[in-house]
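Descriptive structure summary
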Amino acid sequence: MLTERQLLILNKIIEHFTKNGQPVSSKTLVEEDSLNVSSATIRNEMSTLEDLNYIEKVHSSSGRVPSVRGYRFYVDHLMRPKRVNIHERGKIKSYMDSQIFQISDVFYQSAELLSELTSYTAIVLGPQSKNKTLTGFRIVPLNDQQMMLIMQLDNFEVQNMIFKIPTNLHVENFKQVTDFMNKNLVGESLNTVYYALQNDLPRLFEKYLTMNLNIVEMLEQTLLHFTEEQLFVSGKMNILDFAEDMNIRQVKDLYNILDNEGSLFTLFNSLYDRQGTYNIRIGDEFHDRLFESFSLMSVPYQDDYFGGGFIAVLGPTNMSYDSTLGVIQVLKEEILGKLEDFYLE
C-alpha cells in the first residue's frame, strides 16, 4: 500500500514524463511546491517506488520513468478525466454540427477530429447493425455494363455497391428483382434477409423470375457490407511519432494491422469491455511485441436505437491519459446527441 506522499510523487513523475517525455530526476521534483519535502526524502521515496516496480531507471539518465505497473496503478486509482477547455469543446461541437448526409459520416468525422485533437491514432467503431431492418432496396443501371445495388436500413444507413451486369440480365429484370425484394424482404431484419438469400431466394427466383441467379450472389455481397463491423481509423501515420524503438518490419506490421479492418476489429474485440466506462491496455499488457511501446484507450457507447460501438485512441505509453479521456467523453456525448438527431428526423 503506497503512502500519500508516494502517491503524490508517482503522480508527479507521470505528469512530468507525459508532458516532456524525459526521465524525471529528484531535482525536478524538489522544485515542485506541492511536495514541500527535502531532496533526500524524495530520493528515498523514489527508491521505494522503484523497488515496488512502479518506476524504472533509464540507463542513460539518473532520472526515472513510469513502468507499466506504475501506469496501471495511475489509470486505475489516480487518474481523473481532465476537463476539456472551451476552445476544444467548441471545435468538437462545430465539427459535429457540420453537414452530415448519412450516419457513417458521424463516425468518420469523429475519428478525424479525435486524431486531430490528441495527435494519436483514432479508431471509432460505428453501431453494429446486424439486428436492424431493411427499409429500402433499389437497382440502378449505370450504363450497359454496370449496375448499382442500393440497400437502406432503418437507422438511415445506406449501402451501395457497383457490379458488372450479369449475362442474360436485362433491364426489365431490374424491376422484377426490386419489386420482389420490396414485397418479400423490406421490413425484415438483416439476419432474416441474409438467411433468405442463402436458403429461400434462389428457389423463389428460379420459380418466379426469369434471370441469371448471379444476382443472388450480388445481393449477398452487398448485405455482407451491412453486417460487417464498421471501423473508422484516422491518424495512422501518427504511430511513427512513437515508434522510435521499433524496426522497419515492426512498423510495417503495425501499420498493416491498422489498415486491415478485420485484424483491427479482432484486436479491439479481444481487448475492450463493452460494459465498462472505459478500458486502457498498456505496453506488455497486449501480450504482443508490436504494441509494447503503445497504450490503447477505448470508451464504449450505447444508443437505444442504433446500437453500440466504441471510441478509441492508440498512442504512446506516456500518453496524456487524463486529457485524452476527457476529449473522448465529450466526443461520446456529441456522437450520442447526433444519433438522437438522426432518430428524430
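It should be emphasised that the depicted structure is a prediction, and the values quoted were computed from it without experimental measurement. (Residues numbered from 1 in each chain as written. Predicted model: local features only at pLDDT ≥ 70, side-chain atom pairs only at ≥ 80, totals over all residues. Heavy atoms only, no water.)

Below, the discussion takes up the packing of helix α1 (residues 4-20) against helix α4 (residues 68-78). Two elements in contact, α1 and α4, have axes whose closest approach is 11 Å; the angle formed by their N-to-C orientations is 110°. The orientation of α1 with respect to α4, classified from their angle, is roughly perpendicular. Mapping the contact onto sequence places L7, L10, N11, I14 and F17 in α1 and G70, Y71, F73, Y74 and L78 in α4. Residue composition of the contact of α1 with α4, grouped by class: eight nonpolar, two polar and no charged. (Axes fitted to C-alpha atoms, helices over the stretch in contact; angles between N-to-C directions. Helix = DSSP H or I, 4+ residues; strand = E, 2+ residues; numbered from the N terminus. Parallel < 35°, antiparallel > 145°, perpendicular 65-115°, else oblique. Contact = heavy atoms within 4.5 Å. Nonpolar A, V, L, I, M, F, W, Y, C, P; charged D, E, K, R; others polar.)

According to the stated counting rule, one finds 11 salt bridges in the structure shown. A salt bridge links R5 to E45; its shortest N-O distance comes to 3.3 Å. One end of the pair, R5, is in helix α1; the other, E45, is in helix α3 (residues 39-51), with 40 residues separating them in the sequence. Between R72 and D76 there is a salt bridge, with its nearest N and O atoms 3.0 Å apart. In this pair, R72 and D76 both sit in helix α4, four residues apart, roughly one turn of the helix. (Salt bridge = Lys/Arg side-chain N within 4 Å of Asp/Glu carboxyl O.)

Here five strands make up an open sheet; going across it, the order is β7-β3-β10-β9-β8 and the pairing antiparallel. Here the strands that pair on one side only, and so sit at the sheet edges, are β7 (231-234) and β8 (279-282). Between one strand and the next, the sheet's axes are offset by a mean angle of 15°, whatever the strand orientation. (Pairing = 2+ DSSP bridges.)

Let's shift gears to the pairing of strand β10 (residues 307-316). Counted residue by residue, β10 has 10 buried out of 10 residues, so it is predominantly covered. Sheet analysis places strand β3 (residues 121-125) next to β10, joined by five bridges and oriented antiparallel. Considered in β10, the bridge of V124 is made with I311. One ladder, built from 10 bridges, connects strand β9 (residues 294-303) with β10; its direction is antiparallel. (Buried < 20%, exposed > 50% of the residue type's maximum accessible area, 1.4 Å probe, protein only.)

These values are about where atoms sit, not about what they do.
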